[in-house]
Amino acid sequence: MSQISVTVDGKQLSVEADQRPTHIFAENKEIVVCKINGVLKDLWTDLSEGDVVEGVSISSADGLAVLSHSTAHVMAQAVQEVYANTRLGIGPPIKDGFYYDFDPENTFNPDDLTKIESAMRKIIKEGQRFRRRVTTEAEALKELAHEPYKCELIGIKGPAGEEASVEVGGSELTIYDNLGRDGNPVWSDLCRGPHLPSTKHIPAFKLMRTAAAYWRGSEKNPMLQRIYGTAWPSQDELNAYLELLAEAEKRDHRRLGTELDLFSFPEEIGSGLAVFHPKGGIVRRAMEDYSRIRHEEEGYEFVYSPHITKAALFETSGHLQWYADGMYPPMILDEEYNADGTVKRAGQQYYMKPMNCPFHNLIYKSRGRSYRELPLRLFEFGTVYRYEKSGVLHGITRARGFTQDDAHIYCTKEQMVGELDSLLTFVLNLLRDYGLNDFYLELSTKNDEKFVGEDSDWEEATEALRKAATAQNLELVLDEGGAAFYGPKISVQAKDAIGRTWQMSTIQVDFQLPQRFELEFSATDGTRQRPVMIHRALFGSIERFFGVLTEHYSGAFPPWLAPVQAIGIPVADTFSDYLGDVIKQMRKAGIRAELDASDDRMQKKVRNAQMQKIPFMVIAGEEDQKAGAVSFRYRNGEQKNGIPIADAIAEIKKVVQERTQV
Ligand SMILES: [Zn+2]
Ligand SMILES: [Zn+2]
């Protein structure tokens, strides 16, 4: 056998010409797929002289995607084994798993998933090899004549959309055969690959749920049945993932929003448009009040702007050119008609605002500005409307109407470094005050294909952002070429109590809007100069941050945010008057305190307070009344007895003032 020379994980090797990566990596069970000359390939791929081969671990992002897709592939095989007359759609990997779309004779039910899972287990146990086979369009159409959806994909080979790229996205049309123990194909699927070497490399998986889905995402197409699943490199990792899902489900802000009576989405108003109930209103106001105080301390000035505007403003800003899809359609106002109904004077188009920036620019421009006024920091709780697709709406974290805690900072170039540095410190400290403590930063740099402004400006701003980020001693992730065309940005990513990452604040430098709005200031030497503009939303939107905090705290808000901070629970009716008076004193001291005067028994009242996640239960019985005291019961079940009333008030006020959790 002749020898060929290849590079494997950086090392030059001489191997027999019929050796494949699966042989080369045979010792390392973690390696399930490989890159050959930079392209992801099956471990069964033939090697050629000079190939550069890198092993890809099952735990890497590429490895997980291949694991997910291979499991989807096995699921499709199992479905056709159990329900022979099921036709196949597409089956791509997604975040934390995969799906496959099917056209079954009957709608799948939860029992079906169990049946399919056990058929999958059998296939996995058999260790069927995935064999790649190159085919032609004509051959594939003949072979897959019974699969109309696959045939349609063959017809549109090329730009088939991102999801179908798993089937036909490669440069060649390929079919994968699953080989049984005797080496003969037992099942085949049109697929680009790559796959795991064999089905036995699937260590742990679970089918999650079914959903209806239109073929290729269009409501003009037939409705298919989608099965979602998840696959992991080990049973432990699968278990951890399922636990995280269960925990996330318990914390889901949409569920807690109802249980704690915080907000709702009445159908009469429309999807993505929330109303806040009194209790949610208290949390929201506490969030806003504190933010307002801190912004004032940091030198921000508060402004207000209307919700709608003539189209011309968004033409100037450029939003109508590049953001029209995300805006509600225009209203035509002030149209005048002749007696015969024809238009005498054309109307004006008005738009709901998707962003506040253009309004703030008009405030800046309302008169001449001097360098002495800079940095000028304009802040607004600005309500905006964005026409999000209904499929992406998600409670108050992704809505169609929401209020940004939006600020625009106008400064000189010389001020930019210092401004970005203090801005980032301010942003992070404020997030910490709300109880988020685990961050990393992401720096998005210039996309060389798509940008406005001078290279030197970009470099300067990017360096300023990098400097500000580095000074925080946090992990800094580079998003190379990921900036919007109008300037670089830093985004703050925060981890919540169960380790999920949320993108929070963004600090965005903008080279474009000052130009489009011809913003100027008179410099020290009397010349007219253009200011640097920085967009900055700290919460993103108040609603979204509300949702994140609700999930982070699982609804058990720290006392300073809690709708009800203390609830009075008398041991028996006889102590109601005494406790009622204590609660009155608490209210006078500024504490959000209530007396549970219902007919419920004490134990029921305690349970209700627990369900409402109220930080302090203030309990009074005979001994308390005699001593002029109360007892505290905390959310964790601990109890403290005989606290003098003044001390009780002081304890609650202290944790509220210090914004600590109890
Ligand atoms: Zn496949
Ligand atoms: Zn802005």
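It should be noted that the structure appears before, not after, this text.
Starting afresh in each chain, residues are numbered from 1 along the sequence in its written order. Written order determines the labels here, with chains lettered from A and ligands numbered from 1. Selection of residues for local features in this predicted model requires a pLDDT of at least 70, selection of side-chain atom pairs for listing and counting requires 80 or more, and totals for whole chains, interfaces and linings are taken over all residues. Hydrogen atoms and water are omitted, and side-chain values are computed over all heavy atoms in the structure.

Chemist: How should I be thinking about the overall build of the protein chain in this particular structure?
Modeler: When you go through the protein chain residue by residue, the secondary structure sums to 20 helices and 35 strands. C-alpha extents for the protein chain along the principal axes are approximately 90 × 75 × 70 Å. Going through the 662 residues of the protein chain one by one, you find that 49% of them count as buried. By the convention used here, residues are in contact when the closest approach between their heavy atoms is within 4.5 Å. Put simply, 66% of the contacts in the protein chain that link residues at least 6 apart link residues at least 24 apart. Only the protein chains shown count as covering a residue, and every accessible area follows the Shrake-Rupley method with a 1.4 Å probe. Total accessible area on the protein chain is roughly 31400 Å²; 48% of this is exposed by carbon and sulfur atoms. Numbering of helices and strands runs from the N terminus, with a helix taken as a DSSP run of H or I at least four residues long and a strand as a DSSP run of E at least two residues long. Only protein chains enter the accessibility calculation, which uses a 1.4 Å probe; a residue is then buried when its area is under 20% of its type maximum, exposed when over 50%, and partly exposed in between.

Chemist: Please clarify how the sheet that holds strand 2 (residues 11-16) should be interpreted in this entry.
Modeler: Sheet strands associate in pairs through backbone hydrogen bonding, adopting either a parallel or an antiparallel arrangement. Taken together, the 5 strands give an open sheet; going across it, the order is 2-1-5-3-4, and neighbouring strands pair in mixed fashion. The open sheet has two edge strands with one neighbour each: strand 2 and strand 4 (39-41). Sheet twist, expressed as the mean angle between neighbouring strand axes with direction ignored, is 40 degrees. By this definition, two strands are paired if DSSP reports at least two bridges between them. Relative to strand 5 (residues 52-57), strand 1 (residues 3-8) runs parallel, the two sharing 2 bridges. Opposite Thr7, over in strand 5, you have Val52 as the bridge partner. Lines fitted to C-alpha atoms define the axes, with helix axes restricted to the stretch in contact, and inter-axis angles between N-to-C directions lie between 0 and 180 degrees.

Chemist: Even after reading the chapter, I still don't get the packing of aromatic side chains, so can you show me in this structure?
Modeler: Aromatic rings considered in pairs are described by the distance between their centres and by the relative angle of their planes. The pairing test for Phe, Tyr and Trp rings, Trp by its six-membered ring, is centres within 6.5 Å, and the orientation test on the planes gives stacked under 30 degrees, edge-to-face over 60, and tilted for anything in between. What the rule picks out here adds up to 34 aromatic pairs. When the centroid spacing of 5.9 Å and the interplanar angle of 50 degrees are considered together, the rings of Phe263 and Phe276 count as tilted. Here the residue Phe263 occupies a position in strand 14 (residues 263-264), and Phe276 occupies one in strand 15 (residues 275-276), the gap between them amounting to 13 residues. A residue is classified by how much of its surface remains accessible, and Phe276, at 23% relative accessible area, is partly exposed.

Chemist: Hey, could you run me through the sheet that holds strand 10 (residues 173-179) in this one?
Modeler: Pairing in this open sheet of 3 strands is antiparallel, and the strands run 9-10-11 from one edge to the other. A strand with exactly one partner marks an edge of an open sheet, and here the two such strands are strand 9 (129-135) and strand 11 (185-190). Here the average twist between neighbouring strands, direction ignored, is 25 degrees. Bridging between strand 10 and strand 11 involves 5 bridges; their strand directions are antiparallel. Paired with Ile175 across the bridge in strand 11 is Leu190. Against the sheet, helix 2 (residues 61-82) engages strand 9, strand 10 and strand 11, with an angle of about 120 degrees to strand 11.

Chemist: How should I be thinking about unusual backbone geometry in this particular structure?
Modeler: A negative phi holds for most residues other than glycine; trans holds for most peptide bonds. Gly193 connects to Pro194 through a cis peptide bond whose omega is -5 degrees. The residue Pro194 is located in the loop between strand 11 and strand 12 (204-214) in this model. Cis geometry marks the peptide bond from Leu374 to Pro375, where omega comes out at 0 degrees. Unlike most non-glycine residues, Asn37 shows phi in positive territory, near 50 degrees. By the element assignment, Asn37 lies in the loop between strand 3 (31-36) and strand 4. Using a relative accessible area of 47% as the deciding quantity, one classes Asn37 as partly exposed.

Chemist: Teacher, can you tell me more about the coordination of the zinc ion (ligand 1) here?
Modeler: Ideal values for angles at a metal depend on the geometry: 109.5 degrees with four tetrahedral donors, 90 or 180 degrees with six octahedral donors. Those protein atoms acting as donors to the zinc ion (ligand 1) are His69 (NE2), His73 (ND1), Cys191 (SG) and His195 (NE2), and they sit at 2.1 to 2.3 Å. For Na, K and Ca the donor cut-off is 3.2 Å, while for other metals it is 2.8 Å, and in both cases only N, O and S atoms qualify; water is not among them, so sites may look incomplete. Think of it this way: with four donors and all angles in the 85 to 135 degree range, the site is tetrahedral; with four or six donors, opposite ones beyond 155 degrees and the rest between 65 and 115, it is square planar or octahedral; otherwise it is irregular. Around the zinc ion (ligand 1), the 4 donor atoms are arranged such that angles at the metal cover 88 to 139 degrees; this shape is classified as irregular. Considered as a linear motif, the donors of the zinc ion (ligand 1) on their single chain read H-x3-H-x117-C-x3-H. Of this pair, His69 sits in helix 2 while Cys191 is found in the loop between strand 11 and strand 12, placing the two residues 122 residues apart along the sequence. For the pair formed by His69 and Cys191, the shared burial category is buried.

Chemist: Would you mind going over the pattern of salt bridges with me for this structure?
Modeler: Oppositely charged side chains can form a pair if their charged atoms are brought close together. Within this document, salt bridges are pairs made up of a side-chain nitrogen of Lys or Arg and a carboxyl oxygen of Asp or Glu, the two lying within 4 Å of each other. Counting across every chain of the model gives 39 salt bridges. Put simply, Asp457 and Lys413 hold a salt bridge, and the shortest N to O gap is 2.9 Å. Of the two residues, Asp457 is situated in helix 14 (residues 455-470) and Lys413 in helix 13 (residues 413-433); the sequence distance between them amounts to 44 residues. With relative accessibility at 17%, the residue Asp457 sits in the buried group.

Chemist: How should the packing of helix 2 against helix 3 (residues 110-126) be read in this particular structure?
Modeler: If you want to describe how two helices pack, look at the angle between their axes and the distance between the axes. The N-to-C vectors of helix 2 and helix 3 enclose an angle of 115 degrees; their axes lie 8 Å apart at closest approach. For the element pair helix 2 / helix 3, the angle class is roughly perpendicular. For the element pair helix 2 and helix 3, the recorded crossing hand is right-handed. Packed against helix 2, whose contacting residues are Thr71, Val74, Met75, Gln77, Ala78, Val79, Glu81 and Val82, the element helix 3 presents Lys115, Ile116, Ala119, Met120, Ile123 and Ile124 at the interface. Angles are sorted into four bins: roughly parallel if under 35 degrees, roughly antiparallel if over 145, roughly perpendicular if 65 to 115, and oblique for all others. By the definition used in this description, the sense in which the near helix is turned from the far one sets the handedness, with an anticlockwise turn below a right angle giving left-handed and a clockwise turn giving right-handed.

Chemist: Explain the coordination of the zinc ion (ligand 2) here, please?
Modeler: Looking at the zinc ion (ligand 2), the protein donor atoms are Cys357 (SG), His408 (NE2) and His535 (ND1), and they sit 2.0 to 2.4 Å from it. For the zinc ion (ligand 2), the single-chain donor residues occur in sequence as C-x50-H-x126-H. Taken together, the residues Cys357 in helix 12 (residues 357-365) and His408 in strand 23 (residues 401-411) connect sequence positions 51 residues apart. His408 shares its class with Cys357; the two are buried.

Chemist: Mind showing me how you'd approach the pairing of strand 34 (residues 629-634) here?
Modeler: Extensive coverage of strand 34 is indicated by the burial of 5 of its 6 residues. Inspection of the sheet shows strand 33 (residues 616-620) paired to strand 34 by 4 bridges, in the antiparallel sense. In the strand pairing of strand 34, Met617 is matched with Arg633. Hairpin connection, strand 34 to strand 35 (residues 639-644): the antiparallel pair is bridged by 4 residues, and Gly637 has positive phi, about 95 degrees.

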